Amino acid sequence: MATTPELIHGYISAGLECTHLEVRGDGQHFDAVIVSNAFAGKRTIERHRIVNAVLGDRMREEIHALSMKTKTPEEFGG
């Protein structure tokens with residue numbers, strides 16, 4: 001089964017409470033905007049590690065290129 005933006009959206013939303021989640025892609029390369037309170041007080045690398053942990057083995061097996069913008073609700077809203 002081909003990986004779709006909708007599948008990635010589902011994987012992330014199942015493992016991380018998000019106030020906004022947007023995933024786009026062409027089946028090979030994906031871009032995500034992920035907004036969560038879980039990112040508060042964390043550096044970018046720590047935020048990406050949270051998302052990578054949620055995606056787990058899928059990052060190696062299904063998702064080969066995922067570009068992430070990770071923000072807190074305050075950063076996203078203004």
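Everything below is about the structure printed above this text.
Reading the values: the criteria
Residues numbered from 1 in each chain as written. Predicted model: local features only at pLDDT ≥ 70, side-chain atom pairs only at ≥ 80, totals over all residues. Heavy atoms only, no water. Buried < 20%, exposed > 50% of the residue type's maximum accessible area, 1.4 Å probe, protein only. Helix = DSSP H or I, 4+ residues; strand = E, 2+ residues; numbered from the N terminus. Arc of directions from axis to C-beta. Contact = heavy atoms within 4.5 Å. Pairing = 2+ DSSP bridges. Axes fitted to C-alpha atoms, helices over the stretch in contact; angles between N-to-C directions.

Another aspect to go through is helix H1 (residues 5-15). Every buried residue of H1 is listed here: Pro 5, Ile 8, Tyr 11 and Ile 12. One face of H1 carries all of its buried residues, which in axial projection span an arc of 125°. Looking at H1, the residues exposed on the side facing more than 90 degrees away from the buried face are Glu 6 and Ala 14. The inward-facing, buried residues of H1 abut strand E1 (20-25), strand E2 (29-35), helix H2 (44-55) and helix H3 (58-61).

Moving on: the sheet that holds strand E3 (residues 65-71). Spatially, 3 strands are ordered E1-E2-E3 in an open sheet, and the strand pairing comes out mixed. Both outer strands of the open sheet, E1 and E3, are each paired with one neighbouring strand and no more. When strand polarity is set aside, the average angle formed by the axes of neighbouring strands in this sheet is 10°. Packed on one face of the sheet, H1 meets E1 and E2 and runs near 150° to E1. Packed on one face of the sheet, H2 meets E2 and E3 and runs near 125° to E3.

These figures capture arrangement, not role.
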